[in-house]
Amino acid sequence: MTELAPALLVGLAAGLHSATWGMYKDAPFEGFRWTTYFRSPVIAVLAALALTHWSALDPSTAAGAVVLFGVTYGIERATLEIYKSFLRVEDQSKYTIPMQFSFRGEVVESAPLRLAAGAAYLAGGLAVVYLVHRLETWGAGLPPLLVVFLIGSAGGWISAFGGAWKDAPIEGFHTFKFFRSPFMSFMYGLAMAAFTRDFVFIFLGGIGYTVATIETYKTFFFPHRPRGKFQGKEVAHPALLSWRRRFIPLYVLIWAGILATAAAAMAGAREGLI
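Keep in mind it's a predicted model, so treat the numbers as computed, not measured. (Residues numbered from 1 in each chain as written. Predicted model: local features only at pLDDT ≥ 70, side-chain atom pairs only at ≥ 80, totals over all residues. Heavy atoms only, no water.)

> Would you mind going over the packing of aromatic side chains with me for this structure?
Two aromatic rings are characterised by how far apart their centres lie and by the angle between their planes. This model, assessed by the stated rule, comprises 25 aromatic pairs. Between Phe178 and Phe179 the ring centres are 5.2 Å apart and the planes differ by 90°, which places this aromatic pair in the edge-to-face class. Residue Phe179 is classed as partly exposed on the basis of its relative accessible area of 43%. In this arrangement the basic side chain of Arg225 is found over the ring face of Phe222, its NZ or CZ atom lying 4.1 Å from the centre. Its end group placed over the ring of Tyr24, Arg244 keeps NZ or CZ at 4.0 Å from the ring centre. (Phe/Tyr/Trp six-rings, centres within 6.5 Å; stacked < 30°, edge-to-face > 60°. Buried < 20%, exposed > 50% of the residue type's maximum accessible area, 1.4 Å probe, protein only. Lys NZ or Arg CZ within 6 Å of the ring centre and 35° of its normal.)

> So what exactly am I meant to see when it comes to the packing of helix H4 (residues 62-87) against helix H10 (residues 248-267) here?
Two measures define how a pair of helices packs: the angle their axes make with one another and the distance between the axes. Where H4 contacts H10, the two axes come as close as 8 Å, and the packing angle between them is 135°. Relative to H10, the element H4 lies oblique. Every pair of crossing elements has a handedness; the one defined by H4 and H10 is left-handed. Note on element contacts: H10 touches H4 through Ile254, Ile258, Thr261, Ala262, Ala264 and Ala265, opposite Ala62, Ala63, Ala65, Val66 and Phe69. Each residue belonging to the contact of H4 with H10 can be placed in one class, and the counts come to 10 nonpolar, one polar and no charged. (Axes fitted to C-alpha atoms, helices over the stretch in contact; angles between N-to-C directions. Helix = DSSP H or I, 4+ residues; strand = E, 2+ residues; numbered from the N terminus. Parallel < 35°, antiparallel > 145°, perpendicular 65-115°, else oblique. Left-handed = near helix turned anticlockwise from the far one by under 90°. Contact = heavy atoms within 4.5 Å. Nonpolar A, V, L, I, M, F, W, Y, C, P; charged D, E, K, R; others polar.)

> Before we go on, may I ask you to explain a nonpolar patch on the surface in this structure?
Taken together, the side chains of Trp34, Phe38, Val42 and Leu46 make up a nonpolar region of the molecular surface, amounting to roughly 420 Å² of accessible area. Exposure remark for Phe38: the relative accessible area of 39% places this residue in the partly exposed category. (Patch = residues over 30% accessible without salt bridge, like charges linked within 9 Å, V, L, I, M, F, W, Y side chains within 5 Å. Areas by Shrake-Rupley, 256 points an atom, 1.4 Å probe, with all protein chains shown as cover. Salt bridge = Lys/Arg side-chain N within 4 Å of Asp/Glu carboxyl O.)

> Hey, could you run me through the environment of Ser185 in this one?
Tracing the backbone shows Ser185 in helix H7 (residues 175-193). For Ser185, a relative accessible area of 0% puts it in the buried group. Considering only alpha carbons, one finds Ser185 and Gly74, 111 residues apart in sequence, at a separation of 11 Å. Setting aside its immediate chain neighbours within four residues, Ser185 contacts Gly152, Ser153, Gly156, Gly206, Ile207 and Thr210.

Here it is, written out as structure tokens:
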């Protein structure tokens, strides 16, 4: 029970972090709804509590909190991407790049085909997680740096190929963007490996922090540049361009908290893979 309170806080922080950059980039075009904003925190809290209950993660320690934040973030993002791509049905005319599952830039209208593709995607993702887990046994003799490269960059490759599948038919292929996620997830995998020996946590935490970093950069360093999915679309809710800024202190506070926790974890005992 003593671990559930910090798990709840870590999950809430991860969910609010994800919800805030999502709202910041989308609200001027789609409007703002509290139900949508709190969707990510609910998913992240449930994921964090489940992870704490069913694994050896201890979020009451600095290292455990850092790992839990990244892993929870990765799970929350994967859950919502599957929902948006394969389950949710909405008007796609408001997007330049379709958010539902598409082929060569054209939305797949058939619900059975979308569900079948979603099931295949989920099965493939779970297979990757299983292989990462099994690598703990199969790769026992491999150098730790090679292991982290394999499992840390894996999530980035999934993100890179998924992004190219969705965006390239409309925007064209961008080499830098394609390789950015694998490189960053490998670097964050190295950071995760300082705090945990669990291969799956290194894998999920690497992609979780990668998404958090890339989305922070794209959203807050270029706040007036529309995302590709809204490229060429008119701002439908101009008042939200200024209203959304009230969430920035919360976002900065979450980043400051996770960076301070990571610093404390690095200063303490390190029992990770590297």
